[in-house]
Amino acid sequence: MIAMLKYNSGNIMSVRIALQRLGHDAVITDDPDVISMAEKIIIPGVGEAGSAMEHLKERGLDRVIVSLKQPVLGICLGLQLMCEYSEEGNTECLGIFDTTVRRFPAGAKVPHMGWNDFVSLDDDPLLKGIMKSDDLYYVHSYYTGVNGFTTAVCDYNVQFSAAMRRDNFFATQFHPEKSAGTGARILENFLSL
Amino acid sequence: MLKKRIIPCLDIRDGRTVKGVSFINLRDAGDPVELARAYADQAADELVFLDITATHEKRKTLASLVEKIANAINIPFTVGGGISTREDVSVLISSGADKVSVNTAAVLEPELISRLANSFGSQCIVVAIDAQFIDGEWIVCVNGGRKVTKIRALNWAGEAEGRGAGEILLTSFNRDGTKEGFSTDITSAISDRVNIPVIASGGAGTMEHFRRVFEETSCSAALAASVFHFGEILIPDLKRYLQKNNINVRL
């Protein structure tokens, strides 16, 4: 069973629909027991960091998530919550990736919204079959820079982490569920881990 | 590099596309879901659905349509038309819309933008501005262009950004439906004024019009309806043309 973490408002239906298209259903839940027992967990990406972390802490999910051993995929805000700290709402996050989330500096329109390709890509199972020139859909105002966990780099005024990985924890700043065939390929890669 | 977006717009009434659409080999050209799928297959970057249903059943019909569209395509889409409350937005977002656009209701009550941005996040709130050139000024008009306000479009765009809009959809009423090209002057002025993405709309007739709006303004996307619906411009051809002219697009 695949569990999708429920928090805040926002369109998380798209992720579920994208999984269904690939032949997998998901439960949307904030029940710590269901999350712990799921084969795979997705932390989808809409909302605001401060209120999202608050919700996770209230449910005791912050401790549950960091102790998971099965594959976890954070998308957009999901990636940012997996970092150490976010400037958005001055928020202490989960600390899976020891890196800071910052707001895009002046010099380009914010949010970074639309299709963008990669500066570089590592050899990572999540990104299997993806090429540097492939475009993925982004919509975000905050980013985390390139660090030791970065597996793909995107450029928008600054170079930032488009994807990261630490052991069983995977994360993408782009929205695979909204990124046409290329995005579907990435979700498929995650499902077949 | 971030790509310039090409966005087809579909007018919807009672769950069906409004204007006649003669578009590739569709079984049912009035079915928005089938059209959406066709555009996604042609590498449209996003879609906009504008609902002009006036009946009380509107909310229910639209929510069920949005759900079908969300199931059919895997690119982002925006839904607009008569949205005036948080409840309206909540229904659409939970049915699978990525963004909503507000227009008249936001002009009547600017605070609406702040409320929606706080509840749902700026990234899903598009403020649609219909602008008319009157006596040497670009002025905001509402109610589908029937009512002219006293607000300058440039100022309204600035206020919308300040209140938390994530994007501006700017339609030139002087050019809408004329196929004479986008109004690059106001598009340029607004794109330079705000630090959020601006979608240019109104007047697309040829591929050159798209090239010019991207070359002459800092807009992030261009939207059109009839030239796409009637197959006068095919999106893959348009994107190849733009690419040849050194405008970055997703092929």
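Every chain is numbered independently, its residues counted from 1 as its sequence is written. The naming scheme follows written order: chains are lettered A onward, ligands numbered 1 onward. Where totals are concerned, whole chains, interfaces and linings use all residues; where local detail is concerned, this predicted model gives features only for residues with pLDDT of at least 70, and gives and counts side-chain atom pairs only at 80 or more.

Student: Honestly, the overall build of chain A in this entry has me stumped. Any pointers?
Tutor: The way it works is that DSSP assigns letters per residue, a run of H or I at least four long becomes a helix, a run of E at least two long becomes a strand, and they are numbered from the N terminus. Summing up its helical and strand segments, chain A has six helices and 14 strands in all. The size measure is the radius of gyration over C-alpha atoms, and the globule rule it meets is 2.2 Å times the number of residues to the 0.38 power. Over its C-alpha atoms chain A spans a radius of gyration of 15 Å, differing by no more than 12% from the 16 Å that the globule rule assigns to 193 residues. Dimensions along the principal axes, computed over C-alpha positions, put chain A at roughly 45 × 35 × 30 Å. Here a residue counts as buried when 20 or more other C-beta atoms fall within 10 Å of its C-beta, as exposed when 12 or fewer do, and as partly exposed in between; the C-beta atoms come from the backbone. Per-residue burial for chain A yields a buried fraction of 53% across its 193 residues. Any pair of residues counts as being in contact when their C-beta atoms, constructed from backbone geometry, are within 7 Å of one another. Put simply, 66% of the contacts in chain A that link residues at least 6 apart link residues at least 24 apart.

Student: Would you mind showing me how to read the overall build of chain B here?
Tutor: Within chain B, the secondary structure is distributed over 10 helices and 11 strands. Expected size for 251 residues packed as a compact globule is a radius of gyration near 18 Å; at 17 Å, chain B falls within 12% of this value. Summarising its shape, the C-alpha atoms of chain B cover approximately 45 × 40 × 35 Å along the three principal directions. Per-residue burial for chain B yields a buried fraction of 51% across its 251 residues. Considering only contacts in chain B between residues 6 or more positions apart, those separated by 24 or more positions represent 65%.

Student: Please explain the packing of helix 2 (residues 58-72) of chain B against helix 3 (residues 86-95) of chain B as it appears in this structure.
Tutor: Helix-helix packing is described using two parameters, namely the angle between the two axes and the distance between the axes. Residues and elements named next belong to chain B. Whenever a helix is involved, its axis is fitted only over the stretch in contact; in every case the axis is a line through C-alpha atoms, and angles between N-to-C directions fall within 0 to 180 degrees. Where helix 2 contacts helix 3, the two axes come as close as 8 Å, and the packing angle between them is 25 degrees. When the axes of helix 2 and helix 3 are compared, the pair comes out roughly parallel. Crossing geometry of helix 2 relative to helix 3 is assigned as right-handed. Across the interface between the two elements, Arg59, Ala63, Val66, Glu67 and Ala70 of helix 2 pack against Asp88, Val91, Leu92 and Ser95 of helix 3. Comment on the angle field: the value is read as roughly parallel under 35 degrees, roughly antiparallel over 145, roughly perpendicular from 65 to 115, and oblique elsewhere. When the near helix sits turned anticlockwise from the far one by under a right angle, the crossing is termed left-handed; a clockwise turn instead gives a right-handed crossing.

Student: I keep staring at the interface of chain A and chain B and nothing clicks. Help me out?
Tutor: Accessible area lost upon the coming together of the parts is a frequently used measure of interface size. Opposite the 29 residues of chain A that make contact, chain B presents 27 residues. If you list the elements that add at least two residues to the side of chain A that touches chain B, you get helix 1 (13-21), strand 8 (112-116), strand 10 (136-140), strand 12 (150-156) and helix 6 (180-191) of chain A. Examining the composition of the side of chain A that touches chain B, we find that five residues originate from one element, strand 8 of chain A, more than from any other.

Student: Explain the sheet that holds strand 4 (residues 72-75) of chain A here, please?
Tutor: Residue and element names in this part refer to chain A. Here, a strand pair is defined by DSSP locating no fewer than two bridges between the strands. Strand order in the open sheet made by the eight strands is 2-1-3-4-14-13-12-9, with mixed pairing throughout. Two strands bound the open sheet, and with one partner strand each, they are strand 2 (26-29) and strand 9 (120-121). Pairing of strand 13 (residues 158-166) with strand 14 (residues 169-172) involves four bridges; the strand directions are antiparallel. Looking at the pairing, Arg165 lines up with Phe170 of strand 14.

Student: Can you walk me through the pairing of strand 4 (residues 77-80) of chain B in this structure?
Tutor: Residues and elements named next belong to chain B. The alternating pattern of strand 4 places Phe77 and Val79 and Thr78 and Gly80 on opposite faces, both of which are buried. When strand 3 (residues 47-51) meets strand 4, the two strands line up parallel, connected through four bridges. Paired with Val48 across the bridge in strand 4 is Thr78. In this structure, strand 4 lies alongside strand 5 (residues 99-102), joined through three bridges in parallel fashion. Following the sheet pairing, Gly80 is matched in strand 5 by Ser101. You can see the chain leave strand 4, run along helix 3 and come back into strand 5, and the turn it takes is right-handed. The handedness rule is simple: strands pointing away from the viewer, and a clockwise path from the first strand over the helix to the second, make the crossover right-handed.

Student: Would you mind going over the environment of Ser84 of chain B with me for this structure?
Tutor: Residues and elements named next belong to chain B. Topologically, Ser84 is positioned in the loop between strand 4 and helix 3. For Ser84, a count of 15 C-beta atoms within 10 Å translates into the label partly exposed. In sequence terms Ser84 and Ile113 are 29 residues apart; their C-alpha atoms lie 9.8 Å from each other.

Student: How do you make sense of the sheet that holds strand 11 (residues 142-144) of chain A when you look at a structure like this?
Tutor: One key point about sheets: their strands pair by backbone hydrogen bonds, in either a parallel or an antiparallel sense. All names here are of chain A. With respect to topology, four strands assemble into an open sheet ordered 6-5-7-11, the strand pairing being mixed. Strands with a single pairing partner mark the edges of an open sheet, and in this sheet they are strand 6 (91-92) and strand 11. Two elements, strand 5 (residues 83-86) and strand 6, share two bridges in a ladder whose sense is antiparallel. Directly across from Tyr85, in strand 6, lies its bridge partner Glu92.

Student: What exactly am I supposed to notice about the environment of Pro125 of chain A here?
Tutor: Residue and element names in this part refer to chain A. Position of Pro125 among the secondary structure elements: in the loop between strand 9 and strand 10. Its 13 C-beta neighbours within 10 Å are what place Pro125 among the partly exposed residues. Note: C-alpha distance between Pro125 and Phe190 (65 residues apart in sequence) is 7.8 Å.

Student: Looking at this model, I keep getting lost on helix 8 (residues 207-216) of chain B. Mind explaining?
Tutor: Because each turn of an α-helix spans 3.6 residues, side chains separated by three or four positions end up pointing in the same direction. Residues and elements named next belong to chain B. Within helix 8, the full set of buried residues consists of His209, Phe210, Val213 and Phe214. Buried residues of helix 8, seen end-on, are gathered within an arc of 130 degrees and therefore sit on one face of the element. Lining the buried residues of helix 8 we find helix 7 (184-193), strand 10 (198-201), strand 11 (221-224) and helix 10 (235-244). An arc is given here, and it is the one of the directions from the helix axis to the C-beta atoms.

Student: Would you take a moment to explain unusual backbone geometry for this structure?
Tutor: When glycine is set aside, most residues are seen to have a negative phi, and most peptide bonds are trans. Residue Pro111 of chain A is bonded to the preceding Val110 of chain A through a cis peptide linkage, with omega at 5 degrees. Turning to its location among the elements, Pro111 of chain A is positioned in the loop between strand 7 (97-103) and strand 8. Notably, Asp135 of chain B is not glycine yet its phi reads approximately 50 degrees, a positive angle. Among the secondary structure elements, Asp135 of chain B is positioned in the loop between strand 6 (125-134) and strand 7 (137-142). Taking the number of C-beta atoms within 10 Å as the measure of exposure, Asp135 of chain B has 5 and is therefore exposed. One non-glycine residue, Asn246 of chain B, lies in positive phi territory at about 65 degrees. By the secondary structure assignment, Asn246 of chain B is in the segment after helix 10. Residue classification places Asn246 of chain B among the exposed positions, given that 9 C-beta atoms sit within 10 Å.

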